[in-house]
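Structure assessment
Each chain, letter by letter, is given below.
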Amino acid sequence: MSTPKVSILVPVYNVERFLPQCLDALCGQTLRDIEIICINDGATDGSPAILHDYAARDARVRVIDKANSGYGASLNMGLSQAAGEYVGIVEPDDFPDRRMFKKLLKAAECTGADAVKCNYYNYFDGADHLVENFAGLPYRRPFDSVDQPRVVCTIPSIWTGLYRKSFLEREGIALRETPGAAFQDAGFSLKVWFAARTCALVKKPLLHYRMDNPGSSSKTTDKVFTVCDEVADAEAFLRRRPERAAVLLPWLAVDKWGKYRWNYERISQSEHVAFAQRVAAEYQAANAAGELDFSLFTPDDAALLQQLLRDGAEAFAAAHPDSF
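Residues numbered from 1 in each chain as written. Predicted model: local features only at pLDDT ≥ 70, side-chain atom pairs only at ≥ 80, totals over all residues. Heavy atoms only, no water.

1. A word on the overall build of the protein chain
Of regular secondary structure, the protein chain possesses eleven helices and nine strands. Taken over C-alpha atoms, the radius of gyration comes to 20 Å for the protein chain, in line with the 20 Å a tight globule of 324 residues would show. If you line up the protein chain on its principal axes, its C-alpha atoms span 60 × 40 × 35 Å. Within the span of the protein chain, comprising 324 residues, buried residues form 57% of the whole. Looking at the protein chain alone, contacts between residues at least 24 apart form 79% of all its contacts between residues at least 6 apart. Of the charged side chains in the protein chain, 37 are positive and 43 negative; the average position of the first set lies 6 Å away from that of the second. (Helix = DSSP H or I, 4+ residues; strand = E, 2+ residues; numbered from the N terminus. Rg over C-alpha atoms; globule rule 2.2 N^0.38 Å. Buried < 20%, exposed > 50% of the residue type's maximum accessible area, 1.4 Å probe, protein only. Contact = heavy atoms within 4.5 Å. Lys, Arg positive; Asp, Glu negative; His and termini not counted. Charge placed at Lys NZ, Arg CZ, Asp CG, Glu CD.)

2. Structural notes on the layout of surface pockets
In this structure, the second largest pocket spans a volume of roughly 210 Å³. Those elements that provide at least two residues to the lining of the second largest pocket are helix H4 (100-111) and strand S9 (199-210). For the lining of the second largest pocket, a count of residues per class yields five nonpolar, one polar and five charged. (1 Å grid on protein atoms, 1.4 Å probe; cavity = no way out; pocket = protein on both sides within 12 Å on 5 of 7 lines; lining within 4 Å. Points joined across faces, edges and corners; volume = space filled by probe spheres on them. Nonpolar A, V, L, I, M, F, W, Y, C, P; charged D, E, K, R; others polar.)

3. Comments concerning the pairing of strand S2 (residues 34-41)
In terms of burial, S2 is largely enclosed, as eight of its eight residues are buried. In S2, alternate side chains face the same way, and those of Ile34, Ile36, Cys38 and Asn40 on one face and Glu35, Ile37, Ile39 and Asp41 on the other are all buried. In the sheet, strand S1 (residues 6-12) pairs with S2 via seven bridges, with the strands oriented parallel. Residue pairing in the sheet places Val6 in a bridge with Ile34 of S2. Traced from S1 through helix H1 (residues 19-27) to S2, the parallel crossover comes out right-handed. In the sheet, S2 pairs with strand S3 (residues 61-66) via six bridges, with the strands oriented parallel. Residue pairing across strands places Cys38 opposite Val63, the latter belonging to S3. Taking the sense of rotation as the criterion, the β-α-β connection linking S2, helix H2 (residues 47-57) and S3 turns out right-handed. (Pairing = 2+ DSSP bridges. Right-handed = clockwise from strand over helix to strand, strands pointing away.)

4. A short note on the pattern of salt bridges
Across all of its chains, the model carries 27 salt bridges by this definition. Here Arg197 makes a salt bridge to Glu243, at a shortest N to O gap of 3.2 Å. With Arg197 in the loop between helix H6 (184-195) and S9 and Glu243 in helix H8 (residues 242-266), the pair connects residues that are 46 residues apart, well separated along the chain. The class of Arg197 is partly exposed, set by a relative accessible area of 41%. The class for Glu243 is partly exposed, based on a relative accessible area of 49%. When salt bridges with common partners are traced through the structure, they connect Lys5, Glu85, Glu109, Asp114, Arg164, Arg170, Glu171 and Arg241 into a single cluster. (Salt bridge = Lys/Arg side-chain N within 4 Å of Asp/Glu carboxyl O.)

5. Here's the deal with the packing of H6 against helix H7 (residues 226-239)
H7 packs onto H6 with a crossing angle of 20° between their chain directions and a minimal axis gap of 8 Å. Considering the angle they form, H6 stands roughly parallel to H7. Seen along the crossing, H6 lies across H7 with a hand that is right-handed. Residue-level inspection shows Gln184, Gly187, Leu190, Lys191, Phe194 and Ala195 of H6 in contact with H7, the latter providing Glu230, Asp233, Ala234, Phe237 and Leu238. Looking at the contact of H6 with H7 residue by residue, the classes come out as six nonpolar, two polar and three charged. (Axes fitted to C-alpha atoms, helices over the stretch in contact; angles between N-to-C directions. Parallel < 35°, antiparallel > 145°, perpendicular 65-115°, else oblique. Left-handed = near helix turned anticlockwise from the far one by under 90°.)

6. A closer look at a positive patch on the surface
Together, Lys102, Lys103, Lys106 and Lys204 give the surface a local cluster of positive charge. With three residues, H4 is the single largest residue contributor to the positive patch. Within the secondary structure, Lys204 is located in strand S9. The partly exposed category is assigned to Lys204, whose relative accessible area is 36%. (Patch = residues over 30% accessible without salt bridge, like charges linked within 9 Å, V, L, I, M, F, W, Y side chains within 5 Å. Areas by Shrake-Rupley, 256 points an atom, 1.4 Å probe, with all protein chains shown as cover.)

7. Considerations on the packing of aromatic side chains
Two descriptors summarise a pair of aromatic rings, namely the distance from one centre to the other and the angle between the planes of the rings. For the coordinates displayed, the defined rule picks out 14 aromatic pairs. Ring centres of Phe183 and Trp262 lie 5.5 Å apart, and the angle between their planes is 85°; this geometry places the pair in the edge-to-face category. One end of the pair, Phe183, is in the loop between helix H5 (165-171) and H6; the other, Trp262, is in helix H8, and 79 residues separate them in sequence. Seen from their ring centres, Tyr260 and Phe275 are 5.6 Å apart, and the 75° between their planes marks the pair as edge-to-face. Of this pair, Tyr260 sits in helix H8 while Phe275 is found in helix H9 (residues 272-288), placing the two residues 15 residues apart along the sequence. In this structure, Tyr260 and Phe275 share a single accessibility class: buried. (Phe/Tyr/Trp six-rings, centres within 6.5 Å; stacked < 30°, edge-to-face > 60°.)

8. Quick notes on the pairing of strand S8 (residues 161-164)
What you see with S8 is no split at all: Gly161 and Tyr163 on one side and Leu162 and Arg164 on the other are buried throughout. Relative to S8, strand S6 (residues 115-124) runs antiparallel, the two sharing three bridges. Among the inter-strand pairings, Lys117 is bridged to a residue of S8, identified as Gly161.

9. Thoughts on unusual backbone geometry
Even without a glycine there, the phi angle at Asn14 is positive, about 50°. By secondary structure assignment, the location of Asn14 is in the loop between S1 and H1. A relative accessible area of 30% places Asn14 in the partly exposed class. Residues other than glycine seldom take positive phi values, yet Ser157 does so here, at roughly 35°. As for its position among the elements, Ser157 is in the loop between strand S7 (127-131) and S8.

In structure tokens form, the structure reads like this:
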């Protein structure tokens, strides 16, 4: 096969129930100039057999079998072997519109963008529910993320994107190789927005994001501080680009507040004080450094954050036993 235009990475672990629908959608793409790299992360169900069956029937499907080492390590291995000019990522329980990668590639080539992303559908109970992740941001025309800094606060959705491989390599953008599936997409997405001087957005929803997979990593209740570690790693990446950090750090503070609110609801109530202590310490440091702009937050969020900084973690957790 000649060098493909787009490499699509599919990290696979124990998802035999949904995998054929995903692979059928990928093999049926209207963009034929693709390779589909499936990284089997030591799956113990029927997923490996399904992958090798598709590879035997379609030369564009390539299977990498490896020992279990987690989502980040799997995607990094796929990135290292991708031959395409652009790279996309599709979760094995989701499925793309058959025109997805043709439309994303057209947008990338027309705008010269290093990163192109589209809206998507949440998919559950056999029905689609539109998520306009980029509402209020410019469609069809390229922009530098520092000129549209609110893009930092959008849902990570790395599986709705196309990324120029040379851009990822030049900027040193990869996923953290922490165990399991542990919110590595959050850090990857932030780094893309922090570094991309030419971005483009496609308004049409082109991916169906499955919400009814009981094995989804988003449904776990452990890993209390993992999302903090992802954000901290991305923040360190941004600080190495001081001219961009001056604009984007205040928006990162807004984005991580949303992530931390979500995580607070997810973890055990017994961990709320410890988690609130870490959150308070981070925002106290940002405030002292002049990197916190309360006007960027919604009024309710600004009030909650000020309450945390004023009253402390224990009082805050007691006042918000379930969520904040």
